[in-house]
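Structural description and commentary
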Amino acid sequence: MTTKSWLILLLGICISGFVITLLTLQFFQKQGKGLSGRVSGTTTPAANRTVRLRSFLLQSYRWGTRVPILASYIYLIQKRISFRHVGDEASLRRMTMSVVLIVAGGYGSISIVLFFMQPGIAFVILSVLCAVVIHSLVVDLWLNRTEKRLLVQMLDLFADVRHRYHQHGMIEEALYEAGEAGVGEAADQVLLIYEALTSPDPNEALERYYEIAPNRFLKAFAGISYMVMEFGDKDRAQGSIYLKGLGNLTQEIHLEILRRDKLDYLLKGLNMIALAPVLFTAPIERWARGSFPTMDEFYRSKLGFITKISIYIIIILAYLLLQRLQHYDETRFRSGHKPSFLDRFLYNQKFIRKLAMLFAAKPGSTNYTQTVRLLRESSAEIKYEWLVIRRLMLFVCSFALAIGCVLLLHHIERNHVLYDPVRDDRMFGAMAEAELKQAAEKTALDREVMERLGMKRGTSYDDVFNMLQQVSSIPLDSDKQTETSLRIIQKLEIYNKQYLHWWELLIAIIIGAAGYYMPIWLMMFQRKMRSMDMKHEIYQYQTVISILREMDRMSVEEILEWLNRFAVIFKRPLQKCLLHFEHGPENALEQLKEDAGLPEFQRLVDKLQLALGKISIREAFDDLDSMMAFYFDQRKQEYTRMIDVKASWGRMIGFAPMYALIFLYLVIPLVGMSFLQMNIYYEQIQKL
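Now for a description of the structure that goes with this document. Because the structure is predicted, anything quoted here is derived from the model rather than measured.

Here is what the cut-offs are and how they apply
Residues numbered from 1 in each chain as written. Predicted model: local features only at pLDDT ≥ 70, side-chain atom pairs only at ≥ 80, totals over all residues. Heavy atoms only, no water. Core = buried A, V, L, I, M, F, W, Y, C linked by side-chain atoms within 4.5 Å. Buried < 20%, exposed > 50% of the residue type's maximum accessible area, 1.4 Å probe, protein only. Helix = DSSP H or I, 4+ residues; strand = E, 2+ residues; numbered from the N terminus. Expected span 1.5 Å × (residues − 1). Arc of directions from axis to C-beta. Contact = heavy atoms within 4.5 Å. Salt bridge = Lys/Arg side-chain N within 4 Å of Asp/Glu carboxyl O. Phe/Tyr/Trp six-rings, centres within 6.5 Å; stacked < 30°, edge-to-face > 60°. 1 Å grid on protein atoms, 1.4 Å probe; cavity = no way out; pocket = protein on both sides within 12 Å on 5 of 7 lines; lining within 4 Å. Points joined across faces, edges and corners; volume = space filled by probe spheres on them. Nonpolar A, V, L, I, M, F, W, Y, C, P; charged D, E, K, R; others polar. Patch = residues over 30% accessible without salt bridge, like charges linked within 9 Å, V, L, I, M, F, W, Y side chains within 5 Å. Areas by Shrake-Rupley, 256 points an atom, 1.4 Å probe, with all protein chains shown as cover. Axes fitted to C-alpha atoms, helices over the stretch in contact; angles between N-to-C directions. Left-handed = near helix turned anticlockwise from the far one by under 90°.

Re the nonpolar core
Residues Phe 221, Tyr 242, Tyr 541, Leu 560, Phe 570 and Phe 601 are the most contacted members of the largest nonpolar core, which totals 83 residues. For this core, the element with the highest residue contribution is helix α9 (residues 216–231), accounting for nine residues. Ile 74, Met 95, Val 99 and Val 139 belong to the second-largest nonpolar core, a separate cluster that totals 18 residues.

A few points about the environment of Leu 70
Along the chain, Leu 70 falls in helix α3 (residues 68–81). Along the primary structure Leu 70 and Val 100 are separated by 30 residues, whereas in three dimensions their C-alpha atoms are 9.3 Å apart.

A closer look at helix α25 (residues 585–596)
Taking 1.5 Å per residue, twelve residues should reach 16 Å; α25 reaches 16 Å between its end C-alpha atoms and fits that length. Every buried residue of α25 is listed here: Ala 588, Leu 589, Leu 592, Lys 593 and Ala 596. Burial along α25 is one-sided: seen end-on, the buried residues are contained in an arc of 140°. Turned more than 90 degrees off the buried face of α25, the exposed positions are Asn 587 and Glu 594. Among the structural elements, α23 (556–566), α24 (571–580) and α26 (599–610) are those in contact with the buried residues of α25. Note on α25: the residue one or two positions beyond its end, Gly 597, has a positive phi of about 85°.

Quick look at the pattern of salt bridges
Counted according to the given criterion, the structure contains 17 salt bridges. For Arg 149, the salt bridge is made with Glu 185, and the minimal N-O distance between the two is 3.6 Å. Residue Arg 149 is located in helix α5 (residues 121–168), and its partner Glu 185 is located in helix α7 (residues 185–197); the two are separated by 36 residues in the primary sequence. On the basis of relative accessible area, Glu 185 is assigned to the buried category, the value being 7%. The partner of Arg 164 in a salt bridge is Asp 160, with the nearest N and O atoms 3.0 Å apart. Pair noted here: Arg 164 and Asp 160 are both in helix α5, with a separation of four residues, about one helical turn. Judged by relative accessible area, Arg 164 falls into the buried class, the value being 18%. Classification of Asp 160 by relative accessible area gives buried; the value is 17%.

Some thoughts on the packing of aromatic side chains
All told, the structure shown has 15 aromatic pairs when counted by the stated rule. Here the aromatic rings of Tyr 176 and Tyr 194 are separated by 5.2 Å at their centres, their planes lie at 45°, and the arrangement is tilted. Of the two residues, Tyr 176 is situated in helix α6 (residues 171–181) and Tyr 194 in helix α7; the sequence distance between them amounts to 18 residues. Residue classification places Tyr 176 among the partly exposed positions, given a relative accessible area of 38%. Note on Tyr 194: relative accessible area 22%, which makes it partly exposed.

Section: unusual backbone geometry
For Met 455, which is not glycine, the phi dihedral falls at a positive 55°. Here Met 455 is to be found in the loop between α19 (433–452) and α20 (461–471).

Details of the side chain of Thr 443
Along the chain, Thr 443 falls in helix α19. If near-sequence neighbours (up to four positions away) are discounted, Thr 443 is found in contact with Leu 418, Tyr 419, Asp 420, Pro 421, Val 422 and Lys 491.

Here's the deal with empty space enclosed by the protein
To find the voids left in a structure, one rolls a probe of water-molecule size over its atoms. Evaluated as defined, the whole model comprises six cavities of 30 Å³ or more. For the second largest cavity, the calculated volume is near 70 Å³. What lines the second largest cavity is Arg 216, Phe 217, Ala 220, Ile 224, Asn 248, Leu 249, Glu 252, Tyr 539, Gln 540 and Thr 543. Mapped onto the lining of the second largest cavity, the elements with two or more residues apiece are α9, α10 (241–266) and α22 (502–548). Sort the elements by how many residues they give to the lining of the second largest cavity and α9 lands first, with four residues. Among the residues forming the lining of the second largest cavity, the class breakdown is five nonpolar, three polar and two charged.

Focus on a nonpolar patch on the surface
Among the surface-exposed residues, Phe 655, Tyr 659, Ile 662, Phe 663, Leu 664, Val 667, Ile 668, Val 671, Phe 675 and Met 678 lie close enough to one another that they form a single nonpolar patch of about 930 Å² accessible area. With respect to the secondary-structure elements, Val 671 resides in helix α28 (residues 624–687). On the basis of relative accessible area, Val 671 is assigned to the partly exposed category, the value being 40%.

Quick notes on the packing of α19 against helix α21 (residues 478–496)
For the pair α19 and α21, the least separation of the axes is 10 Å and the interaxial angle reads 65°. The chirality of how α19 crosses α21 is right-handed. Residues Lys 442, Thr 443, Asp 446, Val 449 and Met 450 of α19 pack against Thr 484, Arg 487, Ile 488, Lys 491, Leu 492 and Tyr 495 of α21. For the contact of α19 with α21, the class distribution of residues is five nonpolar, two polar and four charged.

Such coordinate-based values are descriptive only and should not be taken to indicate function.
Structural data, given as structure tokens:
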């Protein structure tokens, strides 16, 4: 088959897989809403098929969760889609397994085509890229649309809650009627909030709901509803404080939807542009080899292999960075992160644990204190010992991978010396069949002579010349013998240089060190990205305080307890403050300011300090409305600036693989080989 036929076949399979994926997801979405399989006491054939399919998915889920790596992926998918099947564990497991099977099926079908198109190391790299793309296509794209649909539904639902609250004046009735009348995921979430608020222990029920809430808006909505239920609503000059809180949440949701729409519009299509070079590496290589014979030497060399690997790495990194730019939740922070199976397994190995601690910073040192502080500030819910073991394993794996790549490159170069046809000095045009056959015969002759000589380094010209006369079945003239002998000596020198050099070992150590420090760099990046989530949480605190300040007999300690219920990022500092509050409120609040570190949060704590006895809470937060308006406008500007930055970075990253393919894989090698060829021609002219 020609290259065009392969590309058409691959495109057809990709399109078919995409259509099948969408149809299957739509089918399971409809099935998830419930299917009554019994009609007049009998079971229909469609219901039988549905029952068998559901049973198969549940059995696949039970089997898949027993495989360590597959189980981690299944739990990852389950966590991402859990908010769609609240209170229905069986439906959640079926939907999770259907997504996993669709991803596995699509990946398997495309991998078969890729194996026939580009077998070898290229297939391994393309298969990894294919796995990332299929996962993103089926999971990320679908869930992002689901999250956006949930936000739109919340706007209508909040409007309905506002309307029914005006009618009844009771939050329970408003939530129940709005949830029963609504449709979609938002209505299910409202009914969950209603069940939590009307349970015998609302505090514990709300804590459980906070762990599964799909976004921060629903958490704030649940908390505001509970506060007004417990303390009662009060009419201010601006109106009801409950309706005021709903208005603030509605503003936040509008801002979030506009941000998503603008970001989707600016980054639309960049993923496909970044992935397109994967389909053009092989055609460009074939065209260059057919049109410029000297390019064949480049593509078969170590430098050509490194260039191809670099282009694939650039494609993968560009795609992952684009996916990161398109994420709407900057950190997706969740409390109570559980350690992975690998972390627990390595920690239980006594030898690995002791070896890792030998290279770790000792308690009491500056490095130890900085690392522990970084763990806390980046919300990395792992032990210091686990981090040390993880860093050591990353160093070993990165070092071993680098050494393996170096040895593989040397092996490729040896095969290049032994088996690649001897090319002539032409620059343009392809070699004829007779010329290719003659070049292959020269290569076979060179290889036989080299093997007879034992591949020894430093073999003399006379030894090569004598061995060539013994091996050659065709008499060669003096010039041909001299040319062939010099070529064999050059090949022997290149072949014997393919060993592990000191500078290659140094590069492998540097790569291992990069892997060793990678967790630290990621935590630094995570700490920087958390600043936006911190500001979101501060705005929620202000909304809570705007309601609590209107309540009679409200104290600073009670406000801290309510903030602790809403806290995610600042939960540990708030818990520490509450534990020490009875022993000295001033000192506890000062320690809270020091532990938090965010200026906006520190200003909020300053007002709480004023409300300890000097002035009332209402007087301390008399400018809260203006502060909330300022922070809202400030975040609008930050969103606009952030979207512009992401758009510019997205365009640059999206087109980087195409530029790399054109210049690194075609233009620059072609220019370089042209200069080398011109140098050869110049030397030949001088010999005339």
